[in-house]
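A look at the structure
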Amino acid sequence: MDLLVVGSGLFGLTIAERAATQLGLKVTIIDRRDHLGGNAYSQVEPETGIEYHRYGAHLFHTSNEVVWDYVNQFTSFTDYVHRVYTTHRGEVFPMPVNLGTINQFFRSAYGPDQARALIAEQAAELGGKEPTNFVEKGISLIGRPLYEAFFMNYTAKQWQTDPAELGPEIISRLPVRFTYDNRYFSDKYEGLPTDGYGPWLERMADHPNIEVVLGTDFFDESQPLHKAATVGQVPVIFTGPIDRYFADQLGALSWRTLDFELEVAATPDFQGTPVMNYSDLDVPYTRIHEFRHFHPERAYTSPKTVIMKEYSRFAGPGDEPYYPVNTAQDREKLLGYRDLTEAEPQVLFGGRLGTYQYLDMHMAIASALSRFDSVVRPWFGAAN
Ligand code: FAD
Ligand code: NA
């Protein structure tokens, strides 16, 4: 083995693939889960044959040409375009908040200028007072009516916290569009892998120089490829949690986690759209995904459908870390952990967990490609 990659998410897979194909290195990837691919992984629900995203809906989008060319070596993409709706008080509205949402909500027929003027007037409610919490910040951005309908309770459910207790710094803007455009992403390229995320991710590791070892935790000393047995002996790409690498010695970083409830529903079409948000407190989940709608081009024939309810909360010690909370204390701890990484011999900390940073898939890939050139190539004396 020339290189050990801890974590088989898109960051680890990209480094492993480049190391094997560009430098001819023998690479071992370990992952503590029973599958590769990290959070982007998908699999087929056996009863219906419908592909579902095991860790929440994953929509691929990028404007980065290098990333787009790179991923197209492993999969083609459908022409899927993401759109989201939200249910509020028994009525369905298009998201993100746009002119259609505003006119439906206020039972009006405003043009862009009138809608802009209305929102500005409602946002002036605080009269120039500096917002002291999330609620006041939200009102100052888009006015009380839209804030309360679409953001306040949704945020309370995401954080399991009263928004009046959340700091104003959690939001710097709230998305509002003064057109009827409800396309969720605005990147140049968007789509879903034609034959699924699972096959895409497996093809990235499908190389004679790459060995994938599943069910192996880097911190489990009963495993041959654990931390103490490898660091200093072989170069390591570490994409697990940075605080965990240092045994939480500066304190644990805080994360939000999600709970997913998968159901096979006895109808061919449950909600008529891929993602429905629920912005009110009387519904405990934040949204429902219905996976057959991600692939209208596929001939799914099942009379049943696969749906997934998503719940959000602060992560406890045993939970999967999904979104960095990123408080001021977290940022301070992170700087301390970054100092500690300086002393680690030939260990690259990368990806979402290794850098304590939310990364979309295209960002994780872009970061891996660039750090492959700036860090991994020089380790092996290879020119850029
Ligand atoms: P991960 O995919 O998290 O991979 C890290 C891997 O390391 C995991 O497989 C884990 O099991 C393994 N690992 C951790 N600790 C250890 C250990 N001690 N020993 C061995 N293995 C270990 N991106 C988009 O572009 N579009 C989306 O729509 C989108 N939706 C998302 C929805 C959710 C709920 C989440 C959480 C993320 C979403 N993302 C989305 C982001 C996307 O999942 C990430 O960009 C991508 O997963 C980053 O890859 P990564 O390799 O950094 O991390
Ligand atoms: Na998503």
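Parameters at a glance
Residues numbered from 1 in each chain as written. Chains lettered and ligands numbered in written order. Predicted model: local features only at pLDDT ≥ 70, side-chain atom pairs only at ≥ 80, totals over all residues. Heavy atoms only, no water. Buried < 20%, exposed > 50% of the residue type's maximum accessible area, 1.4 Å probe, protein only. Helix = DSSP H or I, 4+ residues; strand = E, 2+ residues; numbered from the N terminus. Pairing = 2+ DSSP bridges. Core = buried A, V, L, I, M, F, W, Y, C linked by side-chain atoms within 4.5 Å. Domains from an automatic or database assignment. Contact = heavy atoms within 4.5 Å. Salt bridge = Lys/Arg side-chain N within 4 Å of Asp/Glu carboxyl O. Phe/Tyr/Trp six-rings, centres within 6.5 Å; stacked < 30°, edge-to-face > 60°. Lys NZ or Arg CZ within 6 Å of the ring centre and 35° of its normal. Axes fitted to C-alpha atoms, helices over the stretch in contact; angles between N-to-C directions. Near = heavy atom within 4 Å. Polar contact = N/O pair within 3.5 Å; in protein donor to acceptor, adjacent residues only side chain to side chain. Areas by Shrake-Rupley, 256 points an atom, 1.4 Å probe, with all protein chains shown as cover. Nonpolar A, V, L, I, M, F, W, Y, C, P; charged D, E, K, R; others polar. Lys, Arg positive; Asp, Glu negative; His and termini not counted.

Focus: the pairing of strand 12 (residues 275-278)
Both faces of strand 12 are covered, namely the face carrying Val-275 and Asn-277 and the face carrying Met-276 and Tyr-278. Here strand 6 (residues 84-88) pairs with strand 12 via 4 bridges, running parallel. Across the sheet, Val-84 pairs through a bridge with Val-275, a residue of strand 12. Of the pairings in the sheet, the one linking strand 12 to strand 13 (residues 287-290) comprises 3 bridges and is antiparallel in character. Residue pairing in the sheet places Met-276 in a bridge with Ile-288 of strand 13.

Some points on the nonpolar core
Within soluble globular proteins, side chains that are nonpolar generally end up buried alongside one another. Core analysis: the biggest nonpolar cluster contains 94 residues, and Val-27, Phe-60 and Trp-200 have the highest contact counts within it. There are two domains that each give this core at least three residues, and those are domain 1 (3-80 + 190-252 + 324-380) and domain 2 (84-173). Setting aside residues no more than four positions away along its own chain, Val-27 makes contact with Leu-3, Val-5, Ala-16, Ala-19, Ala-20, Asn-209, Ile-210 and Glu-211. Core analysis: the next-biggest nonpolar cluster, separate from the first, contains 7 residues, Met-276, Tyr-278, Tyr-285 and Ile-307 among them.

Comments concerning the pattern of salt bridges
Taken as a whole and judged by the stated rule, the model has 19 salt bridges. Linking Glu-136 and Lys-129 is a salt bridge whose minimum nitrogen-to-oxygen distance equals 3.1 Å. Residue class for Lys-129 comes out partly exposed when judged on its relative accessible area of 44%. A salt bridge links Arg-144 to Glu-148, with the shortest nitrogen-to-oxygen separation between them at 3.0 Å. Linking Arg-144 with Glu-148, this pair stays in helix 6 (residues 144-159), spanning 4 residues, or about one helical turn. Look at Arg-144 and you get partly exposed, because its relative accessible area is 32%.

Observations regarding the packing of aromatic side chains
Within this structure, the stated rule accounts for 32 aromatic pairs. Between Phe-60 and Trp-200 the ring centres are 5.7 Å apart and the planes differ by 85 degrees, which places this aromatic pair in the edge-to-face class. With Phe-60 in strand 5 (residues 60-62) and Trp-200 in helix 7 (residues 197-204), the pair connects residues that are 140 residues apart, well separated along the chain. Both residues of the pair, Phe-60 and Trp-200, belong to the buried class. Judged by its relative accessible area of 0%, Trp-200 is buried. Every member of this aromatic cluster is reached through a ring pair, and the members are Phe-218, Phe-219, Phe-238, Tyr-245, Phe-246, Tyr-337 and Phe-349. Sitting over the ring of Tyr-245, Lys-227 keeps its end group 4.1 Å from the ring centre.

Here we look at the sheet that holds strand 12
The pairing of strands in a sheet comes from backbone hydrogen bonds and takes either a parallel or an antiparallel form. Within the open sheet, the 7 strands sit side by side as 7-6-12-13-14-11-15. Their pairing is mixed. Among the strands making up the open sheet, the edge pair consists of strand 7 (91-94) and strand 15 (323-324). As defined by bridge partners, strand 13 adjoins strand 14 (residues 305-314) across 4 bridges and the pair is classed as antiparallel. Within strand 14, the position partnered with His-289 by the bridge is Met-308. The strands that helix 6 touches are strand 6, strand 7, strand 11 (255-265), strand 12, strand 13 and strand 14; relative to strand 14, the one it contacts most, it runs at about 80 degrees.

Some remarks on the site of ligand 1
Around ligand 1, a shell composed of 32 residues is seen, among which Asp-31, His-58, Leu-59, Leu-359 and Met-361 lie nearest. A distance of 3.2 Å separates an oxygen atom of ligand 1 from a polar atom in the backbone of Leu-10. With respect to ligand 1, the backbone of Leu-359 contributes an N or O atom lying 2.5 Å from an oxygen atom. Notes on ligand 1: free accessible area 1,000 Å², of which the protein chains cover 97%. Contributions of two or more residues to the shell around ligand 1 are made by helix 1 (10-23), helix 11 (351-355) and helix 12 (361-379). Grouping the constituent residues of the shell around ligand 1 by class yields 16 nonpolar, 10 polar and 6 charged.

Observations concerning the side chain of Asp-243
In this fold, Asp-243 is placed in helix 9 (residues 242-245). Despite its burial, Asp-243 remains without a salt bridge, the nearest opposite charge being carried by Arg-244 at 7.2 Å. Sequence-distant contacts of Asp-243, defined by excluding residues within four places in its chain, comprise Asp-248, Gly-251, Ala-252, Leu-253 and Tyr-337.

Overview of the environment of Trp-200
For the pair formed by Trp-200 and Ser-42, sequence separation is 158 residues and the distance between their alpha carbons is 9.8 Å. Once you skip the residues sitting within four places of it in the chain, Trp-200 turns out to touch Leu-10, Phe-60, Val-71, Phe-74, Thr-75, Phe-77, Pro-193 and Ile-365.

Honestly, that's just the spatial picture; any functional story needs more than this.
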